[in-house]
Amino acid sequence: MENVIIIGTGCAGWTAAIYTARANLEPLVLAGEQPGGQLTTTTEVENFPGFPEGVMGPDLMMNMEKQAARFGTRVQYDRVDAIEKIEGGFRLKGMMGNDYETKTVIIATGASPRHLGLPNEKELIGHGLTSCATCDGAFYADVPVAVIGGGDSAAEEATFLTRFASKVYLIHRREELRASKIMSDRVLAQEKVEPLWNSQVVEYITDDEGKMTKIRLQNTQDGSEYEKDVKCVFVAIGHVPNTSFLEGAGVECDENGYILQKNGTQTSVEGIFAAGDVADHVYRQAITAAGNGCAAALDAERYLAENE
Ligand code: NAP
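Residues numbered from 1 in each chain as written. Predicted model: local features only at pLDDT ≥ 70, side-chain atom pairs only at ≥ 80, totals over all residues. Heavy atoms only, no water.

1. A few points about the packing of helix α5 (residues 152-161) against helix α6 (residues 181-188)
Interaxial distance between α5 and α6 falls to 9 Å at its minimum, and their mutual angle equals 35°. In this structure, α5 crosses over α6, and the sense of that crossing is left-handed. Residues Asp 152, Ala 155, Glu 156, Ala 158 and Thr 159 of α5 pack against Met 183, Arg 186 and Val 187 of α6. Partitioned by chemical class, the residues of the contact of α5 with α6 number four nonpolar, one polar and three charged. (Axes fitted to C-alpha atoms, helices over the stretch in contact; angles between N-to-C directions. Helix = DSSP H or I, 4+ residues; strand = E, 2+ residues; numbered from the N terminus. Left-handed = near helix turned anticlockwise from the far one by under 90°. Contact = heavy atoms within 4.5 Å. Nonpolar A, V, L, I, M, F, W, Y, C, P; charged D, E, K, R; others polar.)

Structure (structure tokens):
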């Protein structure tokens, strides 16, 4: 039986691996569908401390993986479909038919930004389509950008983007924001913000190099279409925490599916810990996920010592 299995290879997962490996717990990491997590879909990361010139997201993740491997972390490419309680620990059921037995589990499966489902969006991510204003806003100084969504995230992103962009279109499919009053008032008071009510983006239009140049919108009331010039679209229509595989495992989640933590990173099931965006809909930063991964490793280590 393993001491600890870490599910997920984003910042939280690799940091948990580095700490548990250095504590001689010989962690096994199960890497799922998107090895490296959300940072593999971004370009330059300017806000991760220690990189004064910035670092490319995929490079940062590769370095974390190398650092974890240096201390003996093992990696298996398998998606976990279910977790069940067994004597002395847990059995994880892998998609490939493998079972893994472990005394503790650290869930670091992250969250996936929700997208509209338009045809060319996969290729555009990192080239004018993103879900993180904090990460990418500074790259769009003095140009028009758009934010899609009407919740707190959209309001927050649009307000933040007014620091850089020449214009921020706030595109919402209805005619009032879902965001809290204070955040709605704040964003709508910004001179650079132009709300486009009752509007839905139906096409991302690119130049010959595949970079975003325009969006085509449809009025949700009368079906009429119109276009706007934008260099980047920030999609803020919610995140989906990757927790569907936990059904039946007894791990409590909030109404949006985010894992609830207590006493640090402990979940409602003793011996199962959670770290990073899978349990955090507030901060959602690489550095906070890494910090939380460290905390989960220390919590798992303490739990193992107490239960020896
Ligand atoms: P959210 O509240 O679920 O809002 C998502 C928004 O996206 C809604 O306005 C929704 O439109 C729109 N939307 C969803 N699917 C869409 C689609 N296919 N096409 C176009 N629009 C679509 O998500 P969130 O803003 O990410 O917030 C999530 C949670 O985090 C909330 O509880 C929020 O309060 C919290 N949060 C808090 C803060 C803060 O306090 N600082 C910051 C960010 C988030 P409809 O309104 O028409 O449904």
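There's more to say after this.
2. Notes on the sheet that holds strand β17 (residues 232-235)
Read across the open sheet, the five strands follow the order β10-β17-β11-β12-β13; overall the sheet is parallel. With partners counted over all chains shown, the strands left at the sheet margins are β10 (129-130) and β13 (193-196), one partner each. As paired elements, strand β11 (residues 144-148) and strand β12 (residues 167-171) share five bridges and run parallel to each other. The partner of Ala 146 across the bridge, within β12, is Tyr 169. Contacts from α5 reach β11, β12, β13 and β17, with the element oriented near 170° to β11. (Pairing = 2+ DSSP bridges.)

3. Looking at a positive patch on the surface
On the surface, Arg 114, Arg 173, Arg 174 and Arg 178 cluster together into a patch of positive charge. In this fold, Arg 114 is placed in the loop between β9 (111-113) and α3 (121-124). (Patch = residues over 30% accessible without salt bridge, like charges linked within 9 Å, V, L, I, M, F, W, Y side chains within 5 Å. Areas by Shrake-Rupley, 256 points an atom, 1.4 Å probe, with all protein chains shown as cover. Salt bridge = Lys/Arg side-chain N within 4 Å of Asp/Glu carboxyl O. Lys, Arg positive; Asp, Glu negative; His and termini not counted. Charge placed at Lys NZ, Arg CZ, Asp CG, Glu CD.)

4. Comments concerning the packing of helix α1 (residues 11-22) against helix α2 (residues 57-70)
Think of two packed helices as two axes; the pair is described by the angle between the axes and how far apart they sit. Packing of α1 against α2 brings their axes to within 8 Å, and their N-to-C directions diverge by 20°. Between α1 and α2, the angle falls in the class roughly parallel. When you trace α1 past α2, the crossing you get is left-handed. In contact with Cys 11, Trp 14, Thr 15, Ala 17, Ile 18 and Ala 21 of α1, α2 contributes Met 61, Met 64, Glu 65, Gln 67 and Ala 68. Looking at the contact of α1 with α2, its residues break down into eight nonpolar, two polar and one charged. (Parallel < 35°, antiparallel > 145°, perpendicular 65-115°, else oblique.)

5. Describing the layout of surface pockets
Roughly 850 Å³ of volume is contained in the second largest pocket. Around the second largest pocket sit 32 residues that line it, and Gly 151, Arg 178, Ala 236, Ile 237 and Gly 238 are the ones nearest its centre. Each residue belonging to the lining of the second largest pocket can be placed in one class, and the counts come to twelve nonpolar, eleven polar and nine charged. Composition of the lining of the second largest pocket by domain shows at least three residues from each of domain 1 (2-113 + 239-306) and domain 2 (121-235). (1 Å grid on protein atoms, 1.4 Å probe; cavity = no way out; pocket = protein on both sides within 12 Å on 5 of 7 lines; lining within 4 Å. Points joined across faces, edges and corners; volume = space filled by probe spheres on them. Domains from an automatic or database assignment.)

6. Things to note about the site of the ligand
Within the structure, the ligand sits among 17 residues, and Asp 152, Ser 153, Arg 173, Arg 174 and Arg 178 are positioned closest to it. Between the ligand and the protein, one listed contact pairs an oxygen atom with a side-chain N or O atom of Ser 153 at 2.6 Å. Here an oxygen atom of the ligand and a side-chain polar atom of Arg 178 are 2.5 Å apart. Contact with the protein chains removes 73% of the 910 Å² of surface that the ligand exposes when unbound. The pocket occupied by the ligand, as judged from atoms lying within 2 Å of grid points, is the second largest pocket. In terms of residue class, the shell around the ligand is built from four nonpolar, eight polar and five charged. (Near = heavy atom within 4 Å. Polar contact = N/O pair within 3.5 Å; in protein donor to acceptor, adjacent residues only side chain to side chain. Sits in = over half its atoms within 2 Å of the grid points.)

7. Structural notes on the state of the cysteines
Following the criterion strictly, the structure yields one disulfide and no others. Shown here is the disulfide that connects Cys 132 with Cys 135, its sulfur atoms set 2.1 Å apart. Every disulfide takes its handedness from the sign of the S-S torsion; for Cys 132 and Cys 135 that torsion is 75°, giving right-handed. Comparing Cys 132 with Cys 135, the two get one shared label, buried. Free cysteine Cys 232: the closest other cysteine sulfur is in Cys 132, separated by 11 Å. (Disulfide = S-S within 2.5 Å. Buried < 20%, exposed > 50% of the residue type's maximum accessible area, 1.4 Å probe, protein only.)

8. Details of the domain arrangement of the protein chain
By the assigned domains, the protein chain splits into domain 1 (2-113 + 239-306) and domain 2 (121-235). For domain 1 versus domain 2, the distance between C-alpha centres works out to 31 Å. On the side of domain 2, nine residues touch domain 1, which itself brings eight residues to the contact. Surface buried jointly by domain 1 and domain 2 totals about 730 Å² across both partners, of which 50% is contributed by carbon and sulfur atoms. Counting the contacts that link domain 1 with domain 2 gives zero salt bridges. In this structure, the connection of domain 1 to domain 2 is made through one residue pair in polar contact (both at pLDDT 80 or more). For the side of domain 1 that touches domain 2, the per-class residue count stands at one nonpolar, four polar and three charged. (Buried area = accessible area lost by both parts, 1.4 Å probe.)

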